[in-house]
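The lines below spell out each chain.
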Amino acid sequence: MSASTPRGALDGIKVLDLSRVLAGPWCTQMLADLGADVVKVERPQAGDDTRHWGPPFLKDDAGRDTREASYFTACNRNKRSITVDMAHPEGQALLRRMAAEADVVVENFKVGGLAQYGLDYASLKALNPRLVYCSITGFGQDGPYAERAGYDLMVQAMCGLMSITGHADGQPGGGPLKVGVAVVDVFTGLYASNAILAALNARDNARNGTGEGQHIDMALLDVGMAVLANQAAGYLATGQAPGRAGNIHPSLAPYQDFRSRDGNVLLAIGNDGQFARFCQACGHPEWAQDARFATNTARVQHRAALLALMEPVLQTRSTTEWIALLEDKAVPCGPINTIAQAFDDPQVRARGIRRELPRDAGDGIAPMATVANPMRLSGTPVSYHRAPPALGQHTDEVLRELGLDASAIAALKAGGAI
């Protein structure tokens, strides 16, 4: 790092990443973006499962599909990849040696799955009492489901998320629906990275740090329940489980999509002032004076009557015309974009959301695009210094840093440990 390059917020923190697929790697990518040195441990020859979850696949310099799936690149930026066979005694010894020097270990094996390798929390804590050890599982370290494997889709169903996502029964396309992204995995990664930062602060805080690490027990089901947010709060307050309502907000109106003259437009009116300004702009100021619509609570109660008035009016202008009409009146209004349109949006382009990362793995894969981390820190900014690695790209480099010479590394390769 040059003298002119700002230090990352987690500069000097070493992370041993034993996780794979999405929740764990999303967590460790957050730490890597913030400056931690994250070493990703993968199975020899096979690697992380998501390297093979395609199509789509990455392209080589000639534009041809490779065998590397793009899925892997979503959550493995800024890491170094090494291959170690943890079923091999020498592989286990290597990982224990690395854990002894690490600040953080992240793993998402089944409960108790790493004990047989001497890589569980109790074993590694004995080697390194300062270690922050984060376990990510489907259902947590205890309870009747602790031994079960957990997957995002399963947890979206179990936590109730699918029961509030999609159109209501009886409507076209009605029925339970998963979210279009594995949001429980992603949220679990975010919660896990927050928990790790809290544990590091508890260990190192200059005023009251303990100097000790701790174990973090993260469960997808716990997170799925937590991110139900206002929907869970509503159930707890009333005892009534909410249902599916499509794009309608259960507590706000009008807060949904409408047909425009040439497609769809989204209105997200969150208060009475915004509604009054919308009514004035669209030529119907009397709506805001109508007792049925004067307050948000009244509008929610009389939603059907309100929509019967609004829907024909919204179809008199194009989506672009509605946005132009309302954008200077502080009335939230926007298009419903495809992902391609979203990346081409002027605001998205201005914020630099698409980043290009050079690829130096020697595998013929061209520089690749990544989605910028949304955290904007003025003093310790996120960095984009390394593309998602090729399988085992940094094995020799990391082992040399651990003190192994060329002959020792060659012997480990010959023995199948790496």
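By the naming in an unreviewed UniProt entry, the chain is Crotonobetainyl-CoA:carnitine CoA-transferase CaiB-like acyl-CoA transferase, taken from Diaphorobacter nitroreducens.

Summing up its helical and strand segments, the chain has 16 helices and 13 strands in all. Considering only intrachain contacts with a sequence separation of at least 6, the fraction spanning at least 24 residues in the chain is 66%. Approximately 20,800 Å² of the chain is accessible, and the part contributed by carbon and sulfur atoms is 54%. Across the chain, the mean location of the 39 positive side-chain charges is 2 Å away from that of the 44 negative side-chain charges.

This next bit is on the state of the cysteines. The tally for this structure, following the rule as stated, stands at zero disulfides. Free cysteine Cys 27: the closest other cysteine sulfur is in Cys 134, separated by 5.4 Å. Here Cys 27 falls in the buried class, since its relative accessible area comes to 0%. On the basis of relative accessibility, which here comes to 0%, the residue Cys 134 falls in the buried class.

Within helix α1 (residues 23-33), 10 of the 11 residues are buried, leaving the element largely enclosed by the surrounding structure. Within α1, the full set of buried residues consists of Ala 23, Gly 24, Pro 25, Cys 27, Thr 28, Gln 29, Met 30, Leu 31, Ala 32 and Asp 33. Looking one or two residues beyond α1, the residue adopting positive phi is Gly 35, at roughly 110°.

Backbone hydrogen bonds hold the strands of a sheet together, and the pairing may be parallel or antiparallel. Read from one edge to the other, the open sheet built from three strands follows the order β9-β10-β11, with strand pairing classed as antiparallel. In this open sheet, the two strands that pair with only one neighbour each are β9 (255-259) and β11 (333-334).

Let us look at the layout of surface pockets. Gaps between atoms show up when a probe of the same size as a water molecule is rolled over them. By volume, the largest pocket amounts to about 1,200 Å³. Lining the largest pocket are 34 residues, and of these Ala 74, Ile 339, Phe 343, Thr 370 and Val 371 lie nearest its centre. Here the lining of the largest pocket gets four residues from one element, more than from any other, and that element is strand β13 (residues 368-371). Residue composition of the lining of the largest pocket, by class: 26 nonpolar, five polar and three charged. Of the pockets and cavities examined, the second largest pocket occupies roughly 870 Å³.

Further remarks concern the environment of Asp 217. Within the secondary structure layout, Asp 217 lies in strand β8 (residues 215-219). Along the primary structure Asp 217 and Ala 192 are separated by 25 residues, whereas in three dimensions their C-alpha atoms are 8.8 Å apart. In this structure, Asp 217 is in contact with Ser 135, Gly 140 and Gln 141, ignoring residues within four places of it in sequence. At a separation of 3.4 Å, a polar atom in the side chain of Asp 217 contacts the main-chain amide nitrogen of Gln 141.

Taking strand neighbours across the sheet as the criterion, the six strands line up as β5-β2-β1-β6-β7-β8 in an open arrangement whose pairing is parallel. Looking at the sheet topology across the chains shown, the edges are occupied by β5 (79-83) and β8. Here the average twist between neighbouring strands, direction ignored, is 20°. Two elements, strand β6 (residues 104-107) and strand β7 (residues 132-137), share four bridges in a ladder whose sense is parallel. Looking across to β7, one finds that Glu 107 is bridged to Ser 135. Helix-sheet contacts for helix α2 (residues 89-101) involve β1 (14-17), β2 (37-42), β5 and β6, and the interaxial angle to β1 is about 150°.

Calculation criteria
Residues numbered from 1 in each chain as written. Predicted model: local features only at pLDDT ≥ 70, side-chain atom pairs only at ≥ 80, totals over all residues. Heavy atoms only, no water. Helix = DSSP H or I, 4+ residues; strand = E, 2+ residues; numbered from the N terminus. Contact = heavy atoms within 4.5 Å. Areas by Shrake-Rupley, 256 points an atom, 1.4 Å probe, with all protein chains shown as cover. Lys, Arg positive; Asp, Glu negative; His and termini not counted. Charge placed at Lys NZ, Arg CZ, Asp CG, Glu CD. Disulfide = S-S within 2.5 Å. Buried < 20%, exposed > 50% of the residue type's maximum accessible area, 1.4 Å probe, protein only. Pairing = 2+ DSSP bridges. 1 Å grid on protein atoms, 1.4 Å probe; cavity = no way out; pocket = protein on both sides within 12 Å on 5 of 7 lines; lining within 4 Å. Points joined across faces, edges and corners; volume = space filled by probe spheres on them. Nonpolar A, V, L, I, M, F, W, Y, C, P; charged D, E, K, R; others polar. Polar contact = N/O pair within 3.5 Å; in protein donor to acceptor, adjacent residues only side chain to side chain. Axes fitted to C-alpha atoms, helices over the stretch in contact; angles between N-to-C directions.

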